[in-house]
Amino acid sequence: MPDRYEVTYAADATLAEVKPRGTAPSVVTKRRLRDVNRFETISLVKTPNAEYGHMALLEVGKGCGRGCRFCLEGQVYRPVRHRSVEALRETVRKFAADGSTRVGLVGACVSDYPWIGQLLDVVHDAGLEVSISSIRADSLTDPLVAALARGGHRTLTIAPEAGTERLRRVIRKAITDEQIDGACDLVRRRGIPNLKTYFMIGQPTETMADVEAIPALAARMLERLRVPDGQGHPFGRLTLSISSFVPKPWTPFQWAPFDGAPSLQKKLELIKQGVRRFSNVRVLHENPREAALQALLARGDRRVAPFLARAAALDGDWRRALREWDGDPAFYTTRPRGTDERLPWDHLDVGVKKSGLVREWERALAADAATSLTTVVT
Ligand code: SF4
């Protein structure tokens, strides 16, 4: 409850102190579910009007051990806890009995589920089709892609996140170009007609060369994808889904400035321009101004509350609410923050140590410096 804490501000408007009132604890600690097998997380309401309403969703576990530096989920749901195949088998049985035909596996990184092969067999033996939202290119295997193809998957999704290996190292999504090539080959070998890829622009240390590398990578992928599959069917469509990096609390990138809508818009144009010549490449993206709003809300403090209240009073017209709000969005979004700044969420303990985040942030910047050095030397 925010009113159980008294907040004071420094002359530069940053937080000076957060003091508990009365019996409020000085640090609020998140509770953690220790035995994930005791609870099944599944779709309870299924309706065709909802996203994924056509499938029964099943969470295979919580947490992700990969530690991508931009990812909130990878940090706050630690430690990694997988549900056992036996526990999942029970749920799959229930799905089959209630007439479901497709199971959507949900989790931070489903392809890292250690018994994925057995689980796919369980779903298959129950007569259901399987769906997975996105797969790490470095954990794609032939049996996994084959199972997805068998389950009627028309599109496989991978998330390289950045166009260059350099930037992928900085964000700690160390997928190599070679692994992306391998994913393309598997997709064609198993006859999946479409490939969708997630990229994120505006990440720390990103340069225009990193942005230009996205359409260049798309062109290279297309070269490999162009081959007909085993049945002689041509490749369908390559989708580039481009999101904007929004710094999130409790991540190593919580100190990174948000890029800003004009810069993101320019980068989007560059990517769209770069793939315009390919009729089977589609670019999907959000509006950078909405990303700027997310950036404000993601790291805003209680002084942002009047903006939210105004937006609600205006029936969600956040653009007008923003114009009428007397706060400064740039203070929360594009302003660089030092690691010694007190952050509005520092008194909430979600299980990640701030010292560890600082170390990871410094490592990210060092990864960039190391790469720049290599570039100069070679
Ligand atoms: S981006 Fe995906 S792989 Fe990386 S930490 Fe988050 S959930 Fe895990």
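Residues numbered from 1 in each chain as written. Predicted model: local features only at pLDDT ≥ 70, side-chain atom pairs only at ≥ 80, totals over all residues. Heavy atoms only, no water.

(A) A look at the packing of aromatic side chains. Counted by the stated rule, this structure contains 6 aromatic pairs. Seen from their ring centres, Tyr-113 and Trp-115 are 5.4 Å apart, and the 80 degrees between their planes marks the pair as edge-to-face. For Tyr-113, a relative accessible area of 2% translates into the label buried. Three or more aromatic residues joined by ring pairs make a cluster, and in this case those are Phe-307, Trp-325, Phe-331 and Tyr-332. Directly above the ring of Phe-331 sits Arg-335, whose terminal nitrogen or CZ lies 4.1 Å from the centroid. (Phe/Tyr/Trp six-rings, centres within 6.5 Å; stacked < 30°, edge-to-face > 60°. Buried < 20%, exposed > 50% of the residue type's maximum accessible area, 1.4 Å probe, protein only. Lys NZ or Arg CZ within 6 Å of the ring centre and 35° of its normal.)

(B) Unusual backbone geometry, seen in detail. Here Arg-78 and Pro-79 are connected by a cis peptide whose omega angle stands at -5 degrees. You can see Pro-79 is positioned in the loop between helix H1 (72-76) and strand S6 (81-82). A positive phi angle, close to 70 degrees, is found at Glu-161, a residue other than glycine. As for its position among the elements, Glu-161 is in strand S9 (residues 155-161). Glu-161 gets classed as buried once you look at its relative accessible area, which sits at 9%. Its identity is not glycine, yet Arg-172 carries a phi of approximately 65 degrees, on the positive side. Residue placement: Arg-172 occurs in the loop between helix H5 (165-171) and helix H6 (177-189). (Helix = DSSP H or I, 4+ residues; strand = E, 2+ residues; numbered from the N terminus.)

(C) Main features of the nonpolar core. In terms of nonpolar packing, the biggest core is built from 61 residues, with Leu-105, Leu-156, Leu-195, Leu-238 and Leu-240 touching the most fellow members. Among the elements that make up this core, the one with the highest residue count is helix H7 (residues 208-225) (8 residues). Two domains each donate at least three residues to this core, and these are domain 1 (2-30 + 134-377) and domain 2 (32-133). Each residue touching Leu-105, except ones within four places of it in the same chain, is listed here: Leu-58, Val-60, Val-110, Ile-116, Leu-119, Val-130, Ser-131, Ile-132 and Ser-133. (Core = buried A, V, L, I, M, F, W, Y, C linked by side-chain atoms within 4.5 Å. Domains from an automatic or database assignment. Contact = heavy atoms within 4.5 Å.)

(D) Representation of the site of the ligand within the structure. Neighbouring the ligand are Cys-64, Arg-66, Gly-67, Cys-68, Phe-70, Cys-71, Gly-74, Ala-108, Arg-136 and Lys-173. Classifying every residue of the shell around the ligand by side-chain character gives 5 nonpolar, 2 polar and 3 charged. (Near = heavy atom within 4 Å. Nonpolar A, V, L, I, M, F, W, Y, C, P; charged D, E, K, R; others polar.)

(E) Just the domain arrangement of the protein chain, in detail. Each assigned domain of the protein chain is listed with its residue range as follows: domain 1 (2-30 + 134-377) and domain 2 (32-133). Distance between the C-alpha centres of domain 1 and domain 2: 23 Å. Of the roughly 2,500 Å² buried between domain 1 and domain 2 on both sides combined, carbon and sulfur atoms contribute 56%. Seen at the junction of domain 1 and domain 2, the total is 2 salt bridges. Salt-bridge contacts for Arg-69 lead to Glu-360; the nearest nitrogen and oxygen are separated by 2.8 Å. (Buried area = accessible area lost by both parts, 1.4 Å probe. Salt bridge = Lys/Arg side-chain N within 4 Å of Asp/Glu carboxyl O.)

(F) Geometry of the side chain of Glu-206. Secondary-structure assignment places Glu-206 in the loop between strand S10 (194-201) and H7. Overall, Glu-206 belongs to the buried group, its relative accessible area being 14%. A polar side-chain atom of Glu-206 sits 2.9 Å from the main-chain amide nitrogen of Gly-202. Side chain to side chain, Glu-206 and Lys-267 meet in a polar contact 2.6 Å long. Among residues more than four places away in sequence, those in contact with Glu-206 are Arg-166, Leu-167, Met-200, Ile-201, Val-211, Asp-259 and Lys-267. (Polar contact = N/O pair within 3.5 Å; in protein donor to acceptor, adjacent residues only side chain to side chain.)

(G) Quick look at H6. The terminal C-alpha atoms of H6 lie 18 Å apart, and with 13 residues this matches the ideal 18 Å at 1.5 Å per residue to within 8%. Turning to H6, its buried residues are Asp-177, Ile-180, Asp-181, Ala-183, Cys-184, Leu-186, Val-187 and Arg-188. The positive-phi residue at the C-terminal boundary of H6 is Gly-191, with phi of around 70 degrees. (Expected span 1.5 Å × (residues − 1).)

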